[in-house]
Amino acid sequence: MKRRLGKHLFPATFVALLTVCGAAVAQQREHPIPQVVKKDGRYALMVDGAPYLMLGAQAHNSSGWPGMLPKVWPAVEYLHANTLEIPVYWEQIEARQGQFDFSVVDTIVTQAREHHVRLDLLWFGTWKNGSQHYMPEWMKADPARYFHVIDKNGRPADSPSPFCTASQELDIRAFTAFMRHLKAFDPQRTVIIVQVENEAGTWGSVRDYSPTAQKVFEAPVPADVLQAMGKPGGTPASWQEAFGPEAEVNFHAWAVATYVGKVAAAGKAGYPLPLYANAALRDPIKPGAPGSYEAGGPTDNVIPIWKAAAPAIDIVSPDIYMNDPVAYLKVLELYHRDDNALFIPETSGSAAVARFFFSALGLQAIGFSPFGLDYSNTPSGPAAAVPAAGPAAPGPQDQFAPAAQNYRLIGPMMRDIARLNFEGNLQAIAEEAGTPSQTLHFGEWNATISYGGGRGGRAPAVSTAPPTGRALVARLSDNQFLVAGYNCRVDFRPAAADKRRQFMRVEEGTYEGGAFKFTRILNGDETDYGLNLRGEPIALRVSLGVY
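Below is a short write-up of the structure.

What counts and what doesn't
- Residues numbered from 1 in each chain as written.
- Predicted model: local features only at pLDDT ≥ 70, side-chain atom pairs only at ≥ 80, totals over all residues.
- Heavy atoms only, no water.
- Buried < 20%, exposed > 50% of the residue type's maximum accessible area, 1.4 Å probe, protein only.
- Helix = DSSP H or I, 4+ residues; strand = E, 2+ residues; numbered from the N terminus.
- 1 Å grid on protein atoms, 1.4 Å probe; cavity = no way out; pocket = protein on both sides within 12 Å on 5 of 7 lines; lining within 4 Å.
- Points joined across faces, edges and corners; volume = space filled by probe spheres on them.
- Nonpolar A, V, L, I, M, F, W, Y, C, P; charged D, E, K, R; others polar.
- Contact = heavy atoms within 4.5 Å.
- Salt bridge = Lys/Arg side-chain N within 4 Å of Asp/Glu carboxyl O.
- Phe/Tyr/Trp six-rings, centres within 6.5 Å; stacked < 30°, edge-to-face > 60°.
- Lys NZ or Arg CZ within 6 Å of the ring centre and 35° of its normal.
- Axes fitted to C-alpha atoms, helices over the stretch in contact; angles between N-to-C directions.
- Parallel < 35°, antiparallel > 145°, perpendicular 65-115°, else oblique.
- Left-handed = near helix turned anticlockwise from the far one by under 90°.

1. Remarks on unusual backbone geometry
Of note in the backbone geometry, D48 takes a positive phi value of approximately 55 degrees without being a glycine. For D48, a relative accessible area of 27% puts it in the partly exposed group. Phi at Q364 takes a positive value of approximately 60 degrees, unusual for a residue other than glycine. For Q364, the position within the fold is in the loop between α14 (356-362) and β13 (367-370).

2. Points about the layout of surface pockets
Taken as a whole, the largest pocket encloses approximately 350 Å³ of empty space. Forming the boundary of the largest pocket are 18 residues, of which Y52, N82, H116, R118 and M414 lie nearest the centre. For the lining of the largest pocket, the secondary-structure elements that each account for two or more residues are α4 (103-114) and α16 (414-423). Looking at side-chain class alone, the lining of the largest pocket contains eight nonpolar, seven polar and three charged residues.

3. Describing the environment of W73
Along the chain, W73 turns up in helix α2 (residues 73-79). Classification of W73 by relative accessible area gives buried; the value is 4%. Each C-alpha atom of the pair W73 and A112 lies 8.3 Å from the other, and the pair is 39 residues apart in sequence. If we ignore the near neighbours within four places in the chain, the residues touching W73 are L84, I108, Q111, A112, H115 and V117.

4. Some points on the pattern of salt bridges
Working definition: two side chains of opposite charge can pair if their charged atoms are close together. In the structure shown here, the tally under the stated rule is 20 salt bridges. As a salt-bridge pair, K268 and D314 come within 2.7 Å of each other at their nearest N and O atoms. Highlighted residues: K268 in helix α10 (residues 247-270) and D314 in the loop between α11 (303-309) and β11 (315-320), separated in sequence by 46 residues. Taking the shortest distance from any N to any O, the salt bridge between E507 and R541 comes out at 2.8 Å. Taken together, the residues span a long stretch of sequence, with E507 in strand β20 (residues 501-512) and R541 in strand β23 (residues 539-546) at a distance of 34 residues. Residue E507 is classed as buried on the basis of its relative accessible area of 9%. Judged by relative accessible area, which is 27%, R541 ranks as partly exposed. One network of salt bridges, with partners in common, ties together D416, R419 and E423.

5. Structural notes on the side chain of N82
Tracing the backbone shows N82 in the loop between α2 and β5 (83-89). Contacts of N82, omitting those with residues within four sequence positions, involve Y52, L53, M54, L55, V117, R118 and M414.

6. Structural notes on the environment of G545
Its place among the elements puts G545 in strand β23. Among the residues examined, G545 registers a relative accessible area of 13% and is labelled buried. Residues G545 and P494 lie 51 residues apart in sequence; the distance between their C-alpha atoms is 8.9 Å. Not counting residues up to four positions away in its chain, the partners in contact with G545 are W445, R500, R501, Q502 and M504.

7. Brief notes about empty space enclosed by the protein
A complete count under the given rule lists five cavities of 30 Å³ or more for this structure. One number sums up the size of the largest cavity: a volume of about 90 Å³. Around the largest cavity, the lining is made up of 14 residues, and of these Y43, A365, I366, A418 and N421 lie nearest the centre. At four residues, the largest contribution of residues to the lining of the largest cavity is made by α16. Looking at the lining of the largest cavity residue by residue, the classes come out as 12 nonpolar, two polar and no charged.

8. Here's the deal with the packing of aromatic side chains
On inspection of all chains with the given rule, the structure shows 26 aromatic pairs. Their ring planes at 65 degrees and their centres at 5.3 Å tell us that F357 and F368 sit as a pair that is edge-to-face. Of this pair, F357 sits in helix α14 while F368 sits in strand β13, and the two are 11 residues apart along the sequence. Note on F357: relative accessible area 1%, which makes it buried. Since its relative accessible area comes to 4%, F368 is described here as buried. Ring-pair connections join several aromatic residues into one group, and the members of that group are F163, F217, W239, F243, F251 and W254. The lysine or arginine in question, R207, covers the ring of F217, its NZ or CZ lying 4.0 Å from the ring centre.

9. Here we look at the packing of helix α7 (residues 211-218) against α10
In contact at an axis separation of 11 Å, α7 and α10 are set at 110 degrees when each is read in the N-to-C sense. Comparing the axis directions of α7 and α10 gives the class roughly perpendicular. Note on packing geometry: the crossing formed by α7 with α10 is right-handed. Across the interface between the two elements, A213, V216 and F217 from α7 touch A247, E248, F251 and W254 from α10.

By themselves, these are just geometric observations and shouldn't be taken as functional.
As structure tokens, then:
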């Protein structure tokens, strides 16, 4: 009897095992691991096997707790964001040394699924804004073992030393455990990307001047750093000999990048999600001397060092808190590189910079995320965020409106926008003060975007109003284009001087479920002098001809 039972159990167990394995394979095919890919000089974040554009909202630093999430999800919904950026805290995950608690992470991931939102999880580990404040309490209580940067005057700075191997080994262990847990808990790929540390680097000291650091500073510069920075190889040179006045800032960037790179590599070995590091920026126009900005992070002058020292980091990303248009656009340009996908994980959500979301799209950005977009600072919750009628001070809902306007337009057609951008068929632009019109070139067609007046063929006037216009134009086929944007007029002209354009058909509509839904055909006053984009989230499908 026992033999016969065993004979029956073995096939049953084998079938059950095959079923489980088959389900795992199906899950992998349905939800492949997200990845950053490059083709023909352009990048895409692939999610579920197709290009994905992160329409992000970053929560406040202390909003990553279960009790705060009811003030996060309503804001994400109002914004029409598809990705929430939210911290995970080393001090919570490993409150007791060697004991990992991922219950808070699991709550965030589970609730994100329920709200149909993807996640960019921010690992607040060794560094947060250049400091060690999110290390577990038992580490902060032992500064002799988990030591800080030593400044030029021999005093400890409020920043962890990148030469503290004891801290690094523990960060590697904790981050690896975190990534392995994500792999096991999230086969649906709710989490699509992870930030490793936060604005790693140091304020108040250009580098670590401890005896350990000084010994490395006086040693030869690694060959891969020299090559990355375009310095000749051959005779070994110290950092001072190789880089002169930039020696200390370059050295600290290498030290921090090496530390972060080892943490990232260990985590990626456990679960190869895309990883990125963010930078507190220096002034892109007038950078200032070393010491006038946070040293060590991936600022624009040391991106090659970060690429060489931390190859497991897929993207280095700028945190942009600049209202000056020239500076903002320069940062986008500096981080849009052949070796780096453009991703803006933190920026202001103000009306003054909302239009630069379109500038980022024009540089093939894979994501954009204003900071502080939750209701954690609203005492009575989301309902109190809606301002009363009258001259009351603007509430959070008003502050969120600029980002929400962009996302309401782009969200429903996000996959198409991401695909068209990756294919090189999309261009986007934002209004610049004092520039009444701009032109985008599409081979046989030129698209002119104008702001202000200009009815009846008259040239648009220079506007004195704050610039808010933005537009995207994407080629769907040789003579058909997708047009969308706000507060501007779009018209087309043949590149051939002896031809004139005619609108064969202009369809106004919206995107629903990723598909264009026709509303009406525009003609007459709505097309004779160009296509007007005002404040409504509409899309135009434009077919052109010549005569």
